[in-house]
Every structure is written in structure tokens, then in C-alpha cells.
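# Structure at a glance
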Amino acid sequence: MENLTSVHRLLKHSSRNLFGRRSNRKIFTSIRSLSSGLICKPVQISEHFKQVNCFQRQIVSVHVGFIRSFGVGISASLPRVQGNGFRIHHRNLASMASIPIKNQSFATVNSDDISYFKKILGERGVVQDEEKLDDANTDWMRKHKGSSKLMLQPKDTQEVSQILDYCNSKCLAVVPQGGNTGLVGGSVPVFDEVIINLGLMNNIISFDKVSGILVCEAGCILENLISFLDNEGHIMPLDLGAKGSCQIGGNVSTNAGGLRLIRYGSLHGSVLGLEVVLANGTVLDMLGTLRKDNTGYDLKHLFIGSEGSLGIVTKVSILTPPKLSSVNLAFLACDDYSSCQKILSEAKRKLGEILSAFEFLDKYAMDLVLKHLDGLRDPLPSSKHNFYILIETTGSTESHDKEKLEAFLIHSIESGMLTDGVLAQDINQASSFWRIREGVPEALMKAGAVYKYDLSLPPEKMYDLVEEMRGRLGTAANVVAYGHLGDGNLHLNISTQQYDDSVLSKIEPFVYEWTSKQRGSISAEHGLGLMKANKIHYSKSAETVQVMTIIKKLLDPKGILNPYKVLPMNDPKNEA
């Protein structure tokens with residue numbers, strides 16, 4: 001890097017230059033490409049303390065393997081072998097997810113059921129095609145696969161209500177499904193549960209340009225909402241790598257975090273109202289559009305992050321921020337994790353209200369992306385670095401934002417926290433920077449088998465776990481770290497050529513125990529699903545889980561909504 005005198009000279013003559021050897025890099029000034037009232041019917045709750053036959057809480061661990069070789073986006077992710085084939089990994093999930101014995105009290109779909117569903121949905125809403133069902137039965141990671149013989153596609157809330165009313169009366173278990181981009185097995189059947197896919201419920205109901213409040217159906221794809229709001233001069237407070245497939249109902253049901261949480265907070269703050277259908281078909285109208293409403297319990301928060309286990313979200317009211325004109329993106333490098341922390345602390349102080357994203361990845365993540373994703377180049381090719389950071393700022397006054405960002409970066413250079421960096425000069429370069437960060441999951445899939453952990457930890461402790469895991473695994477695996485440093489959210493990934501019980505035994509339960517000792521969360525934004533349902537006690541007290549179980553039995557007495565997920569199945573306190 002040029003010396004500090006050179007840096008100051010360049011900044012004096014041109015606000016577009018930050019690092020001496022990158023005099024052609026211009027600050028990116030274009031916006032990043034974007035794509036309470038309560039009304040309900042009476043709920044019968046008198047039996048919530050009785051034993052219900054539809055609850056059976058027995059559990060065994062089994063080995064689950066499967067073959068998956070098709071589906072949108074799937075073939076591109078599989079590692080190639082000789083010829084045109086793909087390498088298919090046998091997945092031993094004995095320790096990763098405890099698979100319950102099928103609850104024999106749940107009914108099996110029969111011809112009468114099919115006839116009823118065709119009567120209310122029509123032929124188009126009842127899917128029995130094997131290829132479509134195979135896709136819907138398998139999660140994005142290809143680790144979890146159910147055997148459902150039926151997928152229903154309602155087109156409005158009334159049809160969802162009719163479906164659940166019928167399924168509850170017949171004790172037919174169901175799985176709500178959106179874009180099926182989850183990573184913990186929460187959106188696919190465990191056995192033969194009926195899949196209720198909300199993809200046809202994709203209408204934007206209203207948008208208020210003054211308040212920025214959007215009301216839409218749960219099946220709206222996130223990227224479509226982003227594009228709609230872009231034309232209206234607003235943005236979604238949520239941005240995910242899976243935005244092209246994930247749906248807002250699934251985002252809300254998993255309380256998805258994403259890249260902008262440091263600026264706009266979680267969905268618990270952005271979501272103003274919900275419409276939810278309970279297990280017995282009752283429609284809860286909580287679709288408020290008010291910023292303030294202190295009339296009784298704010299029940300919508302029960303359903304945000306409940307993963308469809310308490311009710312099916314059918315409509316969402318969400319507060320969307322205005323789109324601001326000045327956006328800058330910096331791709332930076334530093335030598336050690338301590339410097340990453342210091343830069344985060346300084347960014348919060350010096351950039352303040354314009355800081356909109358703060359992401360990090362280590363050199364192992366960077367190497368994977370450059371190796372496995374076509375068309376990407378290292379933005380800092382002159383030398384290798386241990387850590388990389390993306391800082392995005394978003395504001396309304398370009399000169400003000402540039403001044404703040406330049407002052408911050410000069411300070412970071414002078415203090416030795418930064419070793420190199422570049423500012424995006426146009427929208428294409430900014431997109432390529434984001435592609436590096438957002439492409440890590442895809443690169444990991446192409447590299448082979450991967451064990452994924454989504455953890456919340458104090459930022460100062462995050463990389464300690466990564467280093468300890470490398471010490472435990474040695475050369476048996478490639479330990480890769482990236483995530484939302486600004487939120488204390490670590491995505492810990494262990495990459496291997498194939499799944500191996502000996503590797504898994506060194507990862508679990510150590511990773512959960514270590515996180516628990518730091519009072520962290522074993523699920524920062526992905527949810528618990530099937531994979532972590534029995535691990536909830538690492539993050540929540542027994543008393544807290546017991547209250548959750550009571551709520552579940554109150555709202556879903558027969559346990560038909562997304563069974564075997566979220567709550568532990570082998571906890572005696574969870575017996576009906």
C-alpha cells in the first residue's frame with residue numbers, strides 16, 4: 001500500500017481515491033441493484049391439558065441417506081465427476097438431526113381426502129405429480145427428504161382455512177411451505193405430511209407511499225417485493241442471498257435476518273401486522289398497519305419465528321424504509337480478527353446513521369468463492385489477506401456520506417487496522433463485491449459435503465470458536481467462517497469431501513456446548529426446524545421451553561402443524 005502521505009495527497013485532489021495504488025477506483029454512488037385490531041372466531045381450548053392422541057413423543061436416531069440430482073439450482077450446485085454425472089453424497093444424519101418415529105395417530109391421505117381437496121381447490125390446486133412432489137419433499141441442502149404424496153396450492157386465505165379445518169378434523173399432519181430455501185429441514189415433510197405451498201398467494205394488496213407500509217400475501221417472492229418497492233422509491237428492510245426464491249411468509253415465519261439487520265433491525269420490529277390461520281381453520285386478523293397499538297397482547301410476535309408450528313401466515317403488513325440516493329460500498333482487507341472488531345466498533349461510531357451493512361469472511365471462504373464460482377475475481381489481487389470486510393453506507397446526501405466514509409477509512413489506514421481496500425466505482429462492481437459475500441453458500445455446496453451452523457455470539461468471541469474447531473478437526477476438514485459481524489451472527493461451515501461420522505462427532509455436540517457457555521444462540525436466523533429441535537435447551541431454559549410447549553398445545557392441540565419441528569420431541573415435559 002502506498003504510504004499515508006500519498007493517501008492524503010490523493011484524497012486532497014480527488015475524493016474518489018482512497019488507496020494510492022487504486023487511483024482508478026471511484027466511490028460507488030448508485031443504489032445497489034434491487035431487485036391492529038384482532039378479529040377471530042372462538043378457539044376451543046378446553047382440552048389443551050388433556051392427552052391428545054395426535055401427540056406421540058417418542059424418538060430414535062436413524063441414519064438417513066438419499067439421492068438428489070435435479071431441481072432448480074440444484075444441478076449447478078453439485079460437484080461434477082467424470083462424464084456428465086454428479087457426485088451424490090450419502091448423508092448420515094444420526095447426530096445432526098434426531099428423526100422421530102412416525103406418529104401413528106396421524107392419518108394417511110386417502111381418496112376421500114383427495115376428492116375433498118379437489119372440490120375446494122380445483123384440479124390445479126392438488127398436486128400429485130411425482131417429479132413435483134420429489135422437489136417439494138427435499139430441502140435446499142438435500143439433507144432432509146420426506147415422502148409426502150400430496151401438495152396443496154391454495155390461492156387465498158379462505159382456502160387455507162378450509163384445508164386446515166379439514167386436516168385438523170381428520171388428524172392429517174401438514175407442512176407449510178414457501179420457497180423451500182430453509183437450511184434446517186423446517187419446510188419439508190419428515191414423513192408423509194401434506195404440503196401446503198403458498199406460492200399462488202402472491203398478490204400485493206396495498207402500498208402507502210406516505211407511511212411506506214406494504215401489505216401483501218405470504219407467497220410473494222422477496223425479490224419481487226424488492227423490485228416493486230424500488231419503483232415506488234422504497235426498499236425492503238430485509239435482504240437475503242436467497243431473495244430470488246424465498247417468500248415473505250417464510251421469511252416472517254423464520255424471522256429471517258439477512259444483510260441489513262444492522263441498519264433496520266429484525267422482522268419483529270418491521271412487521272406491523274399479520275393474518276394467520278390456526279390449526280383448526282380459525283383466521284386471526286392481526287393485519288394492522290399502525291406504528292402504535294397498545295391494545296392487549298401483541299400476538300403477531302408469537303408467529304414471527306415460529307416456523308409454521310403455531311399457524312400459517314397468509315398476509316403480512318410491513319414497514320418499508322425510503323430508498324436513499326447515496327450508496328457506497330467498500331471491500332476491505334485486514335490481517336487479523338481483532339482488527340475486524342476494531343473496524344466494526346469504529347464504523348458504528350464514525351459512520352453512525354449511514355452504516356447499512358457490515359459483513360465479514362475469512363480467507364478460506366474467499367478461496368472457495370474464487371475457486372468454485374465462475375466470473376468472479378479477487379478485488380484485491382496483489383496479495384492474499386486473512387480477513388475481508390464489506391461495508392455499505394446508505395444516506396441521502398452524497399457529499400456528506402463520502403466525507404464521513406473517507407474520514408473513517410483514513411483513520412482505519414493510519415491506525416493500521418486496514419491493510420488494503422477498494423471502493424466500488426459503479427453498480428456492476430458493487431454487484432460483484434456482493435456476489436463474493438452472497439456466493440459463499442453456493443461455493444460450499446460445490447466443494448462437497450458441508451456441515452452448517454448459524455450461531456449468535458458476542459462479536460469478540462465469534463472467531464475463537466472457528467479457531468478451536470480448526471484445532472479439533474485438523475486436516476480432516478476445511479473450516480470456513482463468514483457472516484454478519486455487525487449483528488454478532490457467525491456462519492460456521494465445515495467443508496469435507498464427503499460426510500463422515502468421525503468428523504461429525506468432533507463437531508457435535510461441541511459446537512452447541514461451546515455456544516451455550518458463551519450464552520449464545522444455536523440459531524441466529526435459520527430457525528430450528530428438524531435439525532435443531534432437540535438442541536433448543538442449549539439456548540433456552542427448561543422453563544422457557546415448557547411455556548413454549550404449552551402455547552403450542554393451546555393453539556394446535558392435535559399437533560398437526562409442522563410436526564417434529566422446533567420443539568424437542570424427546571422431552572418428557574413435552575408429552576401431551
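The sections below set out a description of the structure shown in this document. (Residues numbered from 1 in each chain as written. Predicted model: local features only at pLDDT ≥ 70, side-chain atom pairs only at ≥ 80, totals over all residues. Heavy atoms only, no water.)

## Some remarks on the pattern of salt bridges
The cut-off we apply is this: What makes a salt bridge here is a side-chain nitrogen of Lys or Arg within 4 Å of a carboxyl oxygen of Asp or Glu, nothing more. In this description a helix means any DSSP run of H or I spanning at least four residues, a strand means any run of E spanning at least two, and both kinds are numbered starting from the N terminus. Relative accessibility thresholds used throughout: buried, under 20% of the residue-type maximum; exposed, over 50%; partly exposed, between the two (1.4 Å probe, protein chains only).
In this structure the tally under the stated criterion is 20 salt bridges. The salt bridge partner of lysine 323 is aspartate 230, with a shortest N-O separation of 2.7 Å. Separated by 93 residues along the polypeptide, lysine 323 in the loop between β9 (312–319) and β10 (326–334) and aspartate 230 in helix α5 (residues 222–232) bring together distant segments of the chain. According to the relative accessible area criterion, aspartate 230 is partly exposed, its value standing at 23%. The partner of lysine 404 in a salt bridge is glutamate 353, and the shortest N-O contact between them spans 3.2 Å. With a gap of 51 residues between them, lysine 404 in helix α12 (residues 398–414) and glutamate 353 in the loop between α10 (337–350) and β11 (355–362) connect regions that are remote in the sequence.

## A word on the sheet that holds strand β5 (residues 204–208)
Worth spelling out the cut-off: Between any two strands, at least two bridges found by DSSP are needed for them to pair. Note on definitions: angles span 0 to 180 degrees between N-to-C directions of axes, and those axes are lines fitted to C-alpha atoms, for helices only across the stretch in contact. By the convention used here, residues are in contact when the closest approach between their heavy atoms is within 4.5 Å.
Taken in spatial order, the five strands line up as β5-β6-β9-β7-β8 in an open sheet, and their pairing is antiparallel. With one partner strand each, in any of the chains shown, β5 and β8 (283–286) form the two edges of the open sheet. Geometrically, the sheet is characterised by an average inter-axis angle of 10 degrees between neighbouring strands, direction not taken into account. Note that strand β7 (residues 271–277) and β9 share six bridges and pair antiparallel. Counted as the bridge partner of valine 271 is isoleucine 318 from β9. Lying on the sheet, α5 is in contact with β5 and β6 (213–217); it crosses β5 at an angle near 30 degrees.

## Quick notes on a negative patch on the surface
Definition in use: Surface patches are drawn from residues lacking salt bridges whose relative accessible area is over 30%; two like charges belong together within 9 Å, two nonpolar side chains (Val, Leu, Ile, Met, Phe, Trp, Tyr) within 5 Å. Reported accessibility uses the Shrake-Rupley method at a 1.4 Å probe radius. Residues are deemed covered only where the shown protein chains occlude them. The charged-residue count follows a simple rule in which Lys and Arg add positive charge and Asp and Glu add negative charge, with His and chain termini not counted at all. Just so you know, the charge point we use is NZ for Lys, CZ for Arg, CG for Asp and CD for Glu.
Taken together, the side chains of Glu460, Asp464, Glu467 and Glu468 define an acidic patch exposed on the protein surface. You can see glutamate 468 is positioned in helix α15 (residues 462–473).

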